[in-house]
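The chain contents come next:
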Amino acid sequence: MDPLHVLSQVEYMLAAPRPELLPRFSATAAAVLPHRAAAMETGDCSRLPIKVDGDPAITGAVTSAELQRLAALGVPGKAVVTEETLGGKRRKLVVLTSAPVIGKGAMIALVPTEDAPADSALEIVAKLWDIVSVNAAQRATDPEPAVLESNIAAATARARAITDLGQTHATTLTSLLSVLRSRRLGDAAARQTATDLAAAALVELRSVADRDQELSAEPASSAFDTLVVQLDPLVRHDDVTVDLAGPGDERPLPQDIAHTARTVSRGLVLAALERGSTRVRASWRIEGQSLRVTVRDDGPDVARAVPATGLTERITPLGGSWEVDAVPGWGATITAVLPLGVQETPELRPLDRLNPRELEVLAGIARGKRNRQIAEELALTEHTVKFHVRKILGKLEVTSRGEAAVLARELRLESVGA
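Parameters at a glance
Residues numbered from 1 in each chain as written. Predicted model: local features only at pLDDT ≥ 70, side-chain atom pairs only at ≥ 80, totals over all residues. Heavy atoms only, no water. Helix = DSSP H or I, 4+ residues; strand = E, 2+ residues; numbered from the N terminus. Buried < 20%, exposed > 50% of the residue type's maximum accessible area, 1.4 Å probe, protein only. Contact = heavy atoms within 4.5 Å. Areas by Shrake-Rupley, 256 points an atom, 1.4 Å probe, with all protein chains shown as cover. Core = buried A, V, L, I, M, F, W, Y, C linked by side-chain atoms within 4.5 Å. Salt bridge = Lys/Arg side-chain N within 4 Å of Asp/Glu carboxyl O. Pairing = 2+ DSSP bridges. Axes fitted to C-alpha atoms, helices over the stretch in contact; angles between N-to-C directions. Parallel < 35°, antiparallel > 145°, perpendicular 65-115°, else oblique. Nonpolar A, V, L, I, M, F, W, Y, C, P; charged D, E, K, R; others polar. Phe/Tyr/Trp six-rings, centres within 6.5 Å; stacked < 30°, edge-to-face > 60°.

(A) Structural view of the overall build of the protein. A tally of helices and strands in the protein yields 14 helices and twelve strands. Burial status across the protein gives 43% buried among its 418 residues. Contacts in the protein between residues far apart in sequence, at least 24 positions, make up 63% of those at least 6 positions apart. Just so you have it, the protein exposes about 22200 Å², and 55% of that area is on carbon and sulfur atoms.

(B) Just the nonpolar core, in detail. Counting residues in hydrophobic clusters, the biggest one holds 32 residues, and the most contacted among them are Leu-253, Val-269, Val-280, Trp-284, Leu-291 and Val-293. Breaking this core down by element, the ones donating at least two residues are helix H8 (220-237), helix H9 (255-274), strand S9 (279-287), strand S10 (290-297), helix H10 (309-315) and strand S12 (331-339). Here this core takes nine residues from H9, the largest share from any one element. Counting 21 residues, the second-largest nonpolar core is a separate cluster that includes Met-13, Leu-96, Ile-108 and Ala-121.

(C) A look at the pattern of salt bridges. For the structure on display, the rule yields twelve salt bridges. With a closest N to O distance of 2.7 Å, Arg-36 and Asp-55 form a salt bridge. Here Asp-55 lies in the loop between strand S2 (50-54) and helix H3 (56-59) and Arg-36 lies in strand S1 (residues 35-42), a separation of 19 residues in the sequence. Across the pair Lys-369 and Glu-377 runs a salt bridge, and its minimum N-O distance is 3.7 Å. For Lys-369, a relative accessible area of 25% corresponds to the partly exposed category. Relative accessible area serves as the criterion here: at 44%, Glu-377 is assigned to the partly exposed category. A network of salt bridges, in which partner residues are shared, links Arg-367, Lys-369 and Glu-377.

(D) The arrangement of the sheet that holds strand S4 (residues 89-97) in detail. The strand order across the open sheet built from five strands is S2-S1-S5-S4-S3, with neighbouring strands paired in antiparallel fashion. Looking at strand neighbours, the two that pair on one side only are S2 and strand S3 (79-86), the edges of this open sheet. This sheet shows a mean twist of 25 degrees between the axes of neighbouring strands, independent of strand direction. Two strands pair when backbone bridges link them, and S3 and S4 are joined in this way by eight bridges, in the antiparallel orientation.

(E) Representation of the environment of Arg-24 within the structure. Of note, Arg-24 is situated in helix H2 (residues 21-29). Arg-24 sits eleven residues away from Met-13 along the chain, and the two C-alpha atoms are 5.7 Å apart.

(F) The packing of helix H11 (residues 356-366) against helix H14 (residues 401-410), seen in detail. At a minimum axis distance of 8 Å, the contact between H11 and H14 shows a crossing angle of 100 degrees. As the angle between them shows, H11 and H14 are arranged roughly perpendicular. On the side of H11, the interface is formed by Leu-362, Ile-365 and Ala-366, while H14 contributes Arg-401, Ala-404, Ala-405, Ala-408 and Arg-409. Its residues assigned to classes, the contact of H11 with H14 comprises six nonpolar, no polar and two charged.

(G) Representation of unusual backbone geometry in the model. The residue Ala-379 is not glycine, and still its phi comes out positive at about 60 degrees. Tracing the backbone shows Ala-379 in the loop between helix H12 (371-378) and helix H13 (382-396). For Glu-397, which is not a glycine, the phi torsion comes out positive at approximately 60 degrees. Mapped onto the elements, Glu-397 comes out in the loop between H13 and H14. A residue is classified by how much of its surface remains accessible, and Glu-397, at 65% relative accessible area, is exposed.

(H) Seen up close, the sheet that holds strand S11 (residues 321-327). If you walk across this open sheet you meet the five strands as S7-S9-S10-S12-S11, and the pairing is mixed. Both outer strands of the open sheet, strand S7 (241-245) and S11, are each paired with one neighbouring strand and no more. When strand polarity is set aside, the average angle formed by the axes of neighbouring strands in this sheet is 10 degrees. With five bridges connecting them, S7 and S9 associate as parallel partners. Within S9, the residue paired with Leu-244 across the bridge is Ala-282.

(I) Quick peek at the side chain of Thr-59. Relative to the helices and strands, Thr-59 resides in helix H3. In this view, Thr-59 contacts Ala-37, Ala-38, Val-52, Asp-53 and Gly-54; residues no more than four positions away in its chain are not counted.

(J) Local environment of the packing of aromatic side chains. Summed over the entire model, instances satisfying the criterion amount to two aromatic pairs. On the numbers, 5.1 Å between centres and 65 degrees between planes, the contact of Phe-25 with Trp-129 is edge-to-face. Here the residue Phe-25 occupies a position in helix H2, and Trp-129 occupies one in helix H5 (residues 119-141), the gap between them amounting to 104 residues. This pair shows no difference in class: Phe-25 is buried, exactly as Trp-129 is.

From the geometry alone we can't say anything about function, so treat these as descriptive.
Laid out in structure tokens, this is it:
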């Protein structure tokens, strides 16, 4: 194998933009280990932790659960040949895992076209994966502002989706239990009702991803009507009285607000029932530029009448806040106030763009230190300090050390005066 060709291929992979990392690695590895598909899971990318490449018949059915099971079989630095499920079918696989000093590591599974890949091919792809994963981990720990902003937005969207799915599961399971425990239904009727509930829940879960991608608004009354449908099994079969009062308002709600209001309503109603409430009232009201989602109950255990952490994480990105009024012996009233205006993501402050090492170098620059002095203080090489200085000037969007020093002083960089 030509050494120059090998080096050029390594350079080709290391220079890959993040979305192209897996396709380039797959293409390079295919020269020594032919394969039909590749699937990767990484802990360093909140925006898209699972990536696939190759035969869509395989990659289109890959799940996170499959990749997590495969990751547990991996041995960092080695290629593990195994037979496990990927893409819904049991297949011969080559599993490559990494455990770099920096970052959380990554796993890649290849579907080889040969039943018994050569040992030499396995050694080569394992070493290639080590090189690529170390480079990817390093870049993940120091993302560009645009990548960081995208990751934060995606992580927030994922958290919302997880909360929505969790609440949907909780509502369905609670409704199923209510049906099965109900004294009003016979065995046959209870089984049929439970079957209908489970089938409807499956349809709902399968469509939630498509529904969350919609960017349009919906009338407040229609949004509340959807909540009524979601809670209907609980209201119909539980012995607890649950009153639902809609907003009586046709003004449009942004889709994020509508989804969040339903999630909060379901979560607060379920929490009230868990506290032993016998009467619960959920209502929506548009007041000024806010939607007020209120759940009132007569539960005796008011000490537990606090919004769940997952619900707080759901409303915070939208600028929401809580109002809690809990009186022993009288019950609790919890209101989520959701602003209807668009909440802009705050812009990163200049110094927030720098990693801890770059902040230390900038502190030295602000004190008038030269590169050699900074290198001695931080136990670095002068070449490394020069590299950090170039990164700092680019991230701060300045052209000289003097401008960087002035900016650091204006922003009161900690340790400047140390």
